[in-house]
Amino acid sequence: FYYLLQEYDPEFSELFKVAADFEERIERNADTHLLYARLIATLARKETLLPYDRYAVAKVIEYSARLVSDGERLSMHMRSVVDLLHEADYCARETGHVVVSASDIQQAIDAQIRRQDRVRDRLYEAILRDTLMIDTLGKVAGQVNGLAVIELGNFVFSQPTRITATSRLGKGELINIEREVKLSGAIHSKGILILSAFLAARYAKNQPLALSASIVFEQSYGVVDGDSASLAELCALLSNLANKPIKQSLAVTGSVNQLGQAQAIGAVNEKIEGFFDICAARGLTGDQGVIIPAANIKHLMLRQNVVDAAAAGQFQIYAVENVDQAISLLTGLPAGEADVDGKYPEGSLNQSVAERLNELANISKSYAQKPERNDKEE
């Protein structure tokens, strides 16, 4: 707002000459942990709250890291921290505690979520009742579990969503069905164009890209924006072209660039937890999990039940650096790397994709070579 007013109001800079841009988060280390603990003690005295034991302080610091969705940073939004301290103090007094414990902090956090989670629970209920179709078992070609994010004020949660891709003979068109019906934001449309560029650069350098493909978020009735599903969309398309099924026990999040590299996305914790909640409700098998970009590892601040399930081998979290690693995990097949002649190893997924695109190019060429039929009578 400051810079907007400065841009449009010529007198604003004369009235407000000193700009001070405050950082909203700080680096997380041993020194800032100690400073944060002192800050919590100061706030407790100022607000006349019960004292906090060391485990409660650690829980507040963990909560602060989750506020900024970064395991290496802490939030400096004091209003959110003070609100949590007040609610935890109330919980402690209700149970007769003279010192606020970690369980009181967790009770306050749970209460904050419970007051806002009605929409999330109805969506998850629709998935568990198979009204919204999400598979967590089996294998299907051209179909992958993506992870959309919904924000309701300060409450952020993820909704698993099915992404499908189809392909056929065409002229290099990659149809974004959301865009065709004006339900695709600019960034999502950009992500689809990047997928088209990736396909042409990798598989069709010396031949026409003779396919027409369609990508869609199934059972999505609102605007889709952001490029955090582009990795999942690309994997669905490669699976369809290669005719190799994708494990439905895995979900994918991540952006991808023209080189096929996986790029960091936002709300990674909520996305993992959203798919975990559906899998847990149906029963964890040990095969379920989420694929994330390796660049998002530093942002992981997951709920304790997700951490416990991952430690027990009941739920997996895979970090990938590129689309080849992701598609290998999803299909169980090696992606394959091209040799100096541009050929992929026998039995690799990339070989199957290249063969299919080559087949489509040959079919397109054969149609172009056919003489036009002359229906005129002599």
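Provided above is the structure to which this section pertains.
In this text, all values refer to a predicted model and were calculated from it rather than measured experimentally.

Definitions and cut-offs
Think of each chain on its own: its residues are numbered from 1, step by step along the sequence as written. Local features in this predicted model are restricted to residues whose pLDDT is 70 or higher, and side-chain atom pairs enter the listing and the counts only when it is 80 or higher, whereas totals over whole chains, interfaces and linings include all residues. The side-chain figures draw on all heavy atoms in the structure; neither hydrogens nor water molecules are used. Put simply, two rings from Phe, Tyr or Trp (the six-membered ring, in Trp's case) pair if the centres are within 6.5 Å, and we call them stacked under 30 degrees between planes, edge-to-face over 60, tilted for the rest. For every residue, the accessible area (1.4 Å probe, protein chains only) is compared with the maximum for its type, and the residue is labelled buried under 20%, exposed over 50%, or partly exposed between those bounds. When a carboxyl oxygen of Asp or Glu is within 4 Å of a side-chain nitrogen of Lys or Arg, the pair counts as a salt bridge. A run of DSSP states H or I qualifies as a helix once it reaches four residues; a run of E qualifies as a strand once it reaches two. Both are numbered from the N-terminal end.

Colleague: Describe the packing of aromatic side chains, listing the residues and the values that go with them.
Modeller: Summed over the entire model, instances satisfying the criterion amount to 7 aromatic pairs. Geometrically, the ring pair formed by Phe-198 and Tyr-203 is edge-to-face, given 6.4 Å between the ring centres and 85° between the ring planes. Each member of the pair, Phe-198 as well as Tyr-203, is classed as buried. Taken together, the aromatic side chains of Tyr-2, Tyr-3, Phe-12 and Phe-16 make up a single cluster linked through ring pairs.

Colleague: Talk me through the pattern of salt bridges; I want residue IDs and the actual numbers.
Modeller: Counted by the stated rule, this structure contains 15 salt bridges. Note that Arg-115 is salt-bridged to Glu-87, the shortest N-O span being 3.0 Å. With Arg-115 in the loop between α6 (102-114) and α7 (118-128) and Glu-87 in helix α5 (residues 78-94), this pair connects stretches of sequence that are 28 residues apart. One salt bridge connects Asp-324 with Arg-202, and the closest N-O pair in it is separated by 2.9 Å. Of the two residues, Asp-324 is situated in helix α13 (residues 323-331) and Arg-202 in helix α9 (residues 186-203); the sequence distance between them amounts to 122 residues. Accessibility expressed as a relative area gives 23% for Arg-202, which makes it partly exposed.

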